[in-house]
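Geometric and topological summary
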Amino acid sequence: MSLEFMFWTILGFICAAEAGTIGDQCDWTGSGLTSSAERGVTPVYLRCREGGVSWLYPRGALRLLFRPPLPADERDFRVCVRVVRRPDPPDLFHTLAVNDTEAPERFPARIFVEGARRLVPLYAPDDGDPRELRCFRSRHGRAALYVEAEPEEGPKRRVATFRYEARPLDRRHHDPATADCRPCSDSELELAFCTSDLVSRGVFIGSEQREDLDTTQLTLRLTKLIRATGTDNEHTEDSLDDVDDEYYRYDTDNSIEAVRAGRGLLAHVQVPAACGAAAGAGEFLVMARRRLGRLALLCAPRAELWRDLALRRTADGTAHCTLQH
């Protein structure tokens, strides 16, 4: 079946989609078992800048329409989708062995970008590309994905889960791939400190190229944890049996002047592979935000430079939040 024929077939099936399973939110969860037609197409409207989709027992197809909030002068945007083939590890951990996860499972669907007159392949389990992260741009302010379930193979439980992020185009840079690589300005440092999911002093002890995420993964040993916010489904009671509760008081500042002997905390932060990042010597103030399920590095000034800025902004009364160092 040609992609062009498939495209027009999709439009015909949309009219017969199950109205009760239509989404209109940041996240969507649904089941193929509720669909009466194996070849039906369910429309899902995603109106946030980030979120997730979880499709249990996928059958037929989903048509995802992205409508993120944008600045008044912006029309087009960039969408990145990360297929989740195994559970994400915890943000903070004590040993690198704890951060290991099971082998990835086969993603039970194929993903296409909806073009003007045809579907453009974006992801397939057997396309030979190890990257779990795929990106595309909107066209004339519109962006839609067509997610087609793979044929069922027995009664095995299958779940197609992926996270998405829709961001305005960064027009200040000629190369979008390196837009996140430049150093942060003083105002950006302050904003990142006030809004990041992870803020901590620490030293980088290693780096690894993550081909599946298209990133360089930096390993950070924390020396002073200032803030850590957790996801809703993260850190159950069972997973915290071996962890000091002092580290996991989320949504509050929880400064720790000295890490207990033998109980040092580690974290992985991701940097776009195009940046060519590597572990550097010295202590840094690391600020990272959760993007697509992983902590992405925003800014990492040297600890002494951040201390000077924090003291200066606090002294002149221009700080937007309490700046710790």
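Right above here is the structure, for reference.
Residues numbered from 1 in each chain as written. Predicted model: local features only at pLDDT ≥ 70, side-chain atom pairs only at ≥ 80, totals over all residues. Heavy atoms only, no water.

Further remarks concern the overall build of the protein. Assigned secondary structure in the protein consists of three helices and 17 strands. Put simply, of all contacts in the protein between residues at least 6 apart along the chain, 67% involve residues at least 24 apart. Accessible surface, the protein as shown: approximately 17,100 Å² in total, 50% of it carbon and sulfur. (Helix = DSSP H or I, 4+ residues; strand = E, 2+ residues; numbered from the N terminus. Contact = heavy atoms within 4.5 Å. Areas by Shrake-Rupley, 256 points an atom, 1.4 Å probe, with all protein chains shown as cover.)

Once that is clear, we can look at the sheet that holds strand β4 (residues 50-56). Pairing within the open sheet is mixed, and its five strands lie in the order β2-β4-β12-β6-β10. In this open sheet, the two edge strands, each paired with only one partner strand, are β2 (28-31) and β10 (133-137). With strand direction ignored, the average angle separating the axes of adjacent strands in the sheet is 20°. (Pairing = 2+ DSSP bridges. Axes fitted to C-alpha atoms, helices over the stretch in contact; angles between N-to-C directions.)

Considering all chains together, one arrives at five disulfides under this definition. Each sulfur of the disulfide joining C26 and C48 lies 1.8 Å from the other. In this structure, the disulfide formed by C26 and C48 twists by about -55° around the S-S bond and is classed as left-handed. In this pair, C26 is assigned in the loop between β1 (23-25) and β2 and C48 in the loop between β3 (41-46) and β4, connecting sequence segments 22 residues apart. (Disulfide = S-S within 2.5 Å.)

Residues L64, F66, I111 and L145 are the most contacted members of the largest nonpolar core, which totals 28 residues. With residues near it in sequence (within four places) discarded, L64 still touches V44, L46, V53, A143, A144, L145, V147 and F162. Membership of the second largest hydrophobic core comes to 16 residues, among which are F204, L220, L225 and F284. (Core = buried A, V, L, I, M, F, W, Y, C linked by side-chain atoms within 4.5 Å. Buried < 20%, exposed > 50% of the residue type's maximum accessible area, 1.4 Å probe, protein only.)

Turning our attention to the pairing of strand β8 (residues 109-114). Counting buried positions along β8 gives five out of six residues, so the element sits mostly inside the fold. Across five bridges, the pairing between β8 and strand β11 (residues 143-149) is antiparallel. Bridge pairing in β11 places V113 opposite L145. Examined bridge by bridge, β8 and strand β9 (residues 119-123) share four bridges and lie antiparallel to one another. Paired with V113 across the bridge in β9 is V120. If you look at the hairpin formed by β8 and β9, you'll find four residues sitting between the two strands.

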